[in-house]
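Chain residues, written in single-letter form:
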Amino acid sequence: MRTQVGIIGAGPAGLLLSRLLQLQGIDTVVLENRSREYVEARIRAGILEQHTVSTLIDAGVGDRLQREGLPHDGVHLQYPGTRHHLDFAELCGRKVWLYGQSEVVKDLIAAQLDDGPPLLFDVSDVVPEDVDGDSPRIRFTDADGTPQVLECDAIAGTDGFHGVSRPVVTAAGGRTWERTYPYAWLGILADVAPSSDELVYAWHPEGFALLSMRSPSVSRLYLQVDPTEKIEDWSDDRIWDGLSTRFALDGWELQTGPVTEKSILPMRSFVSAPMRRGRLFLAGDAAHIVPPTGAKGLNLAVADVTLLAEALVRLLADERTDLVDSYSDRALARVWRCTHFSWWMTSMFHRSGDDFDAELQLSQLRRVCGSETAARELAENYTGLPLDR
Ligand code: FAD
Ligand code: DHB
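What counts and what doesn't
The residue numbering used here restarts from 1 in each chain and proceeds along that chain's sequence as written. Numbering of ligands from 1 and lettering of chains from A proceed in the order in which they are written. pLDDT decides what is reported in this predicted model: residues at 70 or higher carry local features, side-chain atom pairs at 80 or more are listed and counted, and totals for whole chains, interfaces and linings draw on all residues regardless. Helix and strand labels come from DSSP, where a helix needs a run of H or I of at least four residues and a strand needs a run of E of at least two; each type is numbered from the N terminus. The reference for a compact globule is 2.2 Å times residues^0.38; the radius of gyration itself is calculated from the C-alpha atoms. Exposure in this text rests on C-beta crowding, where 20 or more other C-beta atoms within 10 Å of a residue's own make it buried, 12 or fewer make it exposed, and counts in between make it partly exposed. The C-beta atoms are placed from the backbone. Two residues qualify as a contact pair if the distance between their C-beta atoms, derived from the backbone, is within 7 Å. Any two strands between which DSSP finds at least two bridges are classified as paired. For the handedness criterion, the strands are oriented away from the viewer, and a crossover whose path from the first strand over the helix to the second runs clockwise is classed as right-handed. The criterion for a residue being near a molecule or strand is simple: its C-beta atom, placed using the backbone, must lie within 6 Å of it. Under the convention adopted here, Pro, Cys and the residues Ala, Val, Leu, Ile, Met, Phe, Trp and Tyr are nonpolar, Asp, Glu, Lys and Arg are charged, and Gly plus all remaining residues are polar. To estimate the expected span of a helix, subtract one from its residue number and multiply by 1.5 Å. Axis definition: a line fit to C-alpha positions, over the contact stretch in the case of helices; interaxial angles, taken between N-to-C directions, run 0 to 180 degrees. If you view the pair so one helix is near and one far, a crossing is left-handed when the near helix is turned anticlockwise from the far one by less than a right angle, and right-handed when it is turned clockwise. UniProt positions are given in the numbering used here, feature names are shortened, and annotations may be inferred rather than shown by experiment. Note on definitions: a nonpolar core is a set of buried residues drawn from Ala, Val, Leu, Ile, Met, Phe, Trp, Tyr and Cys, linked by C-beta atoms within 7 Å.

Participant: Requested: an account of the overall build of the protein chain, with residues and values cited.
Facilitator: When you go through the protein chain residue by residue, the secondary structure sums to twelve helices and 20 strands. Computed over its C-alpha atoms, the radius of gyration of the protein chain comes to 21 Å, within 12% of the 21 Å expected for a compact globule of 389 residues. Each principal axis of the C-alpha distribution contributes one length, and for the protein chain these read about 65 × 40 × 40 Å. The buried share among the 389 residues of the protein chain stands at 46%. Within the protein chain, contacts between residues separated by at least 24 positions form 72% of all contacts whose residues are at least 6 apart in sequence.

Written as structure tokens, this is what we have:
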């Protein structure tokens, strides 16, 4: 089997990269070790930045997003006694969209299976080889159990944090940075209309809470919990009680409803550099993880593959190496900006430490709510800085 770019992993990064390359006449094969059903059912991020939305629309996979996505002009920031609205449109002229990552993935898979290049689910034993030369290959076992070899001109490692690609890159050197946080998120999906028109990020002495949504009839909510908590110990009533306490505001009530999904998500920051070894290029969670506060993970994966697609087209169509040579540095500049923003949002909202830390957090929140300059800094980062090509 032969292709120009072998892509490992059919998350948003791998699927979008395949789509962008297809539109430029570059052949790809995408290899995914899970089933289509599993990949489409994974509930993850929900907020799309403006550049992500434009990229999906330009790639011809934005029809449903434009019909069903919910444009949001701002967010609410809350601390006891105060709920403050930040108007992104006014502060920076941009907005964000609520559209679940699972929907983005479904749209990309449907487009690829319709008229796109091969997308193989349920493969196993995926191994990138000979990445230092010009003819790398991927060995894998297909869904029928037959060993296969995919000869490539380049390989994209878009196989997430636990994938096989990053270890191949780090084996040749480079370095990683990591921060684990002393808290986790308990996330739920509930069949109840969102209690707020826009997202609410809430600081509370008992911990952070976030009100989000997936549609006019489905709410998505998160609650800060200790990372050692077990989901079995959290009944629906206990979750709703915790959320109601943390979102409490005079004259406002949190509407509750049947919980259809619940899980606990660990939180970490992680960056691996460089994002390349020879002809193997990392993108998305394979190279970096941000804590979810600020909703950067998915958007950063999209930004990486936008740069990577241009670089690979230049390499394979024009035989010029300038953009692949600068890919890692250009991608990492945005990665570190988002790593900082996600760390900052996370540190501002989550309770840990002592009362001194709490007062610093509240002071920072009052500053963001009271100063247009501070609010604009949050708004520009949240809605996504322009892609630096
Ligand atoms: P992934 O989505 O992880 O895709 C990688 C793909 O590679 C997967 O399909 C995987 O099955 C496949 N794969 C792995 N190993 C192999 C292999 N050896 N061979 C072949 N295929 C392989 N971000 C937010 O902004 N907000 C959130 O609320 C949020 N919630 C999250 C919840 C969870 C549980 C997780 C894990 C992440 C969350 N994120 C969130 C982050 C966001 O979802 C990720 O940043 C985004 O999925 C990155 O996309 P990706 O394509 O790089 O990686
Ligand atoms: C969602 C997730 C986030 O991490 C965030 O900051 C906002 C919204 C969500 O899943 O809807």
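Participant: Which residues make up the pairing of strand β2 (residues 28-31), and what values go with them?
Facilitator: Residues of β2 alternate between two faces, with T28 and V30 on one and V29 and L31 on the opposite face, all of them buried. One ladder, built from four bridges, connects strand β1 (residues 5-8) with β2; its direction is parallel. Within the sheet, the bridge partner assigned to V5 lies in β2 and is T28. What joins β1 to β2 is helix α1 (residues 12-23), and the crossover it makes is right-handed. Taken together, the two bridges between β2 and strand β8 (residues 119-120) define a ladder with parallel strand orientation. Paired with L31 across the strands is L120, a residue of β8.

Participant: Could you give me a rundown of the site of ligand 1, with the residues and numbers involved?
Facilitator: Taken together, 30 residues form the shell around ligand 1, and within it G9, G11, G160, G284 and G297 come nearest. Residues belonging to the shell around ligand 1 are distributed by class as follows: 14 nonpolar, ten polar and six charged.

Participant: Could you give an account of the sheet that holds strand β19 (residues 280-282), naming the residues involved and the relevant values?
Facilitator: One key point about sheets: their strands pair by backbone hydrogen bonds, in either a parallel or an antiparallel sense. Taking strand neighbours across the sheet as the criterion, the six strands line up as β8-β2-β1-β12-β19-β18 in an open arrangement whose pairing is mixed. Of all strands in the sheet, those with a lone pairing partner are β8 and β18 (276-277), marking the two edges.

Participant: Could you give an account of helix α12 (residues 372-383), naming the residues involved and the relevant values?
Facilitator: It helps to recall that an α-helix has 3.6 residues per turn; residues three or four apart then point in one direction. Compared with an ideal rise of 1.5 Å per residue, which puts twelve residues at 16 Å, α12 spans 16 Å between its outermost C-alpha atoms and is within 8% of the ideal. Among the residues of α12, those classed as buried are A375, L378, A379, N381, Y382 and T383. Those residues of α12 that are buried are in contact with α3 (50-58), β6 (82-87), α5 (88-92), β7 (96-98), α10 (322-349) and α11 (355-370). Taken from the residues just after α12, G384 is the one with a positive phi, measuring 100 degrees.

Participant: Run through the packing of α1 against helix α9 (residues 297-318), naming residues and quoting values.
Facilitator: Where α1 contacts α9, the axes come no closer than 9 Å and their chain directions differ by 30 degrees. Note that α1 runs across α9; the crossing there is right-handed. Taken together, the residues of α9 that come into contact with α1 (itself represented by P12, A13, L16, L17, L20 and L21) are L298, A301, V302, D304, V305, L308, A309 and L312.

Participant: Report on the UniProt feature "domain: FAD-binding" (unreviewed entry) in the protein chain, specifying residues and quantitative values.
Facilitator: UniProt's entry tags residues 2-342 with the feature "domain: FAD-binding" (unreviewed entry), counted in the numbering of this structure. Taken as a whole, residues 2-342 contains 33% helix and 31% strand, while its terminal C-alpha atoms sit 40 Å from one another.

Participant: Go over the sheet that holds strand β16 (residues 218-225) with me, naming the residues and quoting the values.
Facilitator: Across the sheet, which stays open at both edges, the eight strands sit in the order β6-β5-β14-β15-β16-β13-β17-β20 with mixed pairing between neighbours. Since the sheet does not close on itself, it has two edges, and those belong to β6 and β20 (288-289), each with one partner. Along the sheet, α11 makes contact with β5 (74-79) and β6, crossing β5 at roughly 145 degrees.

Participant: Please give an account of the site of ligand 2 that cites residues and values.
Facilitator: Taken together, A45, G46, I47, L199, L210, S212, R220, P292, T293, G294 and A295 make up the full set of residues near ligand 2. Residues belonging to the shell around ligand 2 are distributed by class as follows: six nonpolar, four polar and one charged.

Participant: Provide a residue-level description of the environment of Q101, including the pertinent values.
Facilitator: You can see Q101 is positioned in helix α6 (residues 101-115). The class of Q101 is partly exposed, set by 19 C-beta atoms lying within 10 Å. Remark: the alpha-carbon pair of Q101 and P117, spanning 16 residues in sequence, is separated by 21 Å. Setting aside residues no more than four positions away along its own chain, Q101 makes contact with P12, R44, A45, G46 and L298.

Participant: Lay out the nonpolar core with the relevant residues and their values.
Facilitator: Within soluble globular proteins, side chains that are nonpolar tend to cluster in buried spots. The biggest cluster of nonpolar side chains holds 108 residues, and the ones touching the most others in it are L17, A156, F281, A283, V305, L308 and L312. Once residues lying within four places of it in the same chain are set aside, the contact partners of L17 are I7, A156, T158, A283, V305, L308 and A309.

Participant: How would you sum up the pairing of β16? Please name residues and give values.
Facilitator: With seven of its eight residues buried, β16 lies for the most part within the structure. In this sheet, β16 lies alongside strand β13 (residues 175-190) in antiparallel orientation, the contact comprising seven bridges. Its bridge partner lying in β16, L189 is registered against R220. Taken together, strand β15 (residues 209-215) and the strand that follows it, β16, pair antiparallel across an intervening segment of two residues.

Participant: I'd love a proper account of unusual backbone geometry, names of residues and values included.
Facilitator: Here A273 and P274 are connected by a cis peptide whose omega angle stands at 0 degrees. By the element assignment, P274 lies in the loop between β17 (259-273) and β18. Even without being glycine, D125 reaches a positive phi, approximately 50 degrees. Tracing the backbone through its elements, the reader meets D125 in strand β9 (residues 124-129). The exposure class assigned to D125 is exposed, which follows from the 12 C-beta atoms found within 10 Å. Despite not being glycine, D130 has its phi angle at roughly 50 degrees, a positive value. One can find D130 in the loop between β9 and β10 (137-141). Given 15 C-beta atoms within a 10 Å radius, D130 is considered partly exposed.

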